[in-house]
Amino acid sequence: IRYPDGMGAGTRVPDPVRTVDIAPTLAERLGLTWPNPFDGETMSNLVAGEREDPPRPLYVETGMTERRYWNAGHAGYPWEGVGRKYRVDGETGLVHIRPEFHEFLLGAKDRGYQQGDWKLVWRPMKQGPALVQLFNRAEDPVNRDDISLKHPERLATLGLEMATILARD
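Attention here is on the structure that accompanies the text. Since we're looking at a predicted model, the values are computed, not measured. (Residues numbered from 1 in each chain as written. Predicted model: local features only at pLDDT ≥ 70, side-chain atom pairs only at ≥ 80, totals over all residues. Heavy atoms only, no water.)

**As for helix α1 (residues 22-30)**
Argument step 1. Within the sequence span of α1, burial applies to Pro24, Thr25 and Ala27. The buried residues of α1 occupy an angular sector of 165 degrees when projected down its axis, which confines them to one face.
Argument step 2. Elements in contact with the buried residues of α1: α2 (44-47).
Argument step 3. Immediately downstream of α1, the backbone of Gly31 shows phi near 70 degrees, a positive value. (Buried < 20%, exposed > 50% of the residue type's maximum accessible area, 1.4 Å probe, protein only. Helix = DSSP H or I, 4+ residues; strand = E, 2+ residues; numbered from the N terminus. Arc of directions from axis to C-beta. Contact = heavy atoms within 4.5 Å.)

In structure tokens:
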């Protein structure tokens, strides 16, 4: 982002940020008011060089994922092809997922929650409980070494924080 006054020019923010943080940041910097609360928080403090302790938590999820990325036994969708899952609203022109597909879409999403260097990944399975994995992003930036058995306390902490997000879904 390039601000007209040059604030933060050339700055690279080392902490993770979220796409939901862009709108409140721009609104603040441009002096815009918004009628509803934002889901995100301004990043102006980070652009100014401040660090957050702890860093802001990140929540990520997949939409309709490709089967080729699933681990064995991953929960799936009971359909083939993408087109028939959508409808176009004739009045607004907006594209929506058909209501009959919502349950399956929500049930097959992979989800992740990251706090600092720690990342929990939740993968729905066809049978039994979800596959839950824990990674340390500083030591394993590509999430290959599941260390959930070595750090059950960290897994539980992140799991409880993520459970509040999953309950809303």
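**Structural notes on the nonpolar core**
Argument step 1. Tyr113, Trp118, Leu120, Leu134, Ile147, Leu158, Met162 and Ile165 form the largest nonpolar core, which has eight residues in total.
Argument step 2. Mapped by element, the contributors of at least two residues to this core are β5 (118-123) and α4 (152-168).
Argument step 3. Of the residues forming this core, the biggest block, three residues, is contributed by α4.
Argument step 4. Setting aside its immediate chain neighbours within four residues, Leu134 contacts Trp118, Lys119, Leu120, Asp145, Asp146, Ile147, Ser148, His151, Arg154, Leu155 and Leu158.
Argument step 5. Counting residues in each nonpolar core, the second largest holds six residues, with Trp70, Tyr77, Trp79 and Phe101 among its members. (Core = buried A, V, L, I, M, F, W, Y, C linked by side-chain atoms within 4.5 Å.)

**A few points about the packing of aromatic side chains**
Argument step 1. Applying the stated criterion across every chain, the model contains one aromatic pair.
Argument step 2. Centroid distance Trp34 to Phe38: 5.9 Å. Interplanar angle 25 degrees. Geometry classified as stacked.
Argument step 3. Using a relative accessible area of 57% as the deciding quantity, one classes Trp34 as exposed.
Argument step 4. By relative accessible area, Phe38 is classed as partly exposed at 32%. (Phe/Tyr/Trp six-rings, centres within 6.5 Å; stacked < 30°, edge-to-face > 60°.)

**Quick look at α4**
Argument step 1. Its 17 residues place the ends of α4 25 Å apart at the C-alpha level, agreeing with the 24 Å of an ideal helix rising 1.5 Å per residue.
Argument step 2. Listing the buried residues of α4 in full gives Leu158, Met162 and Ile165.
Argument step 3. Residues of α4 that are buried make contact with β1 (58-61), β4 (111-115), β5 and β6 (131-136). (Expected span 1.5 Å × (residues − 1).)

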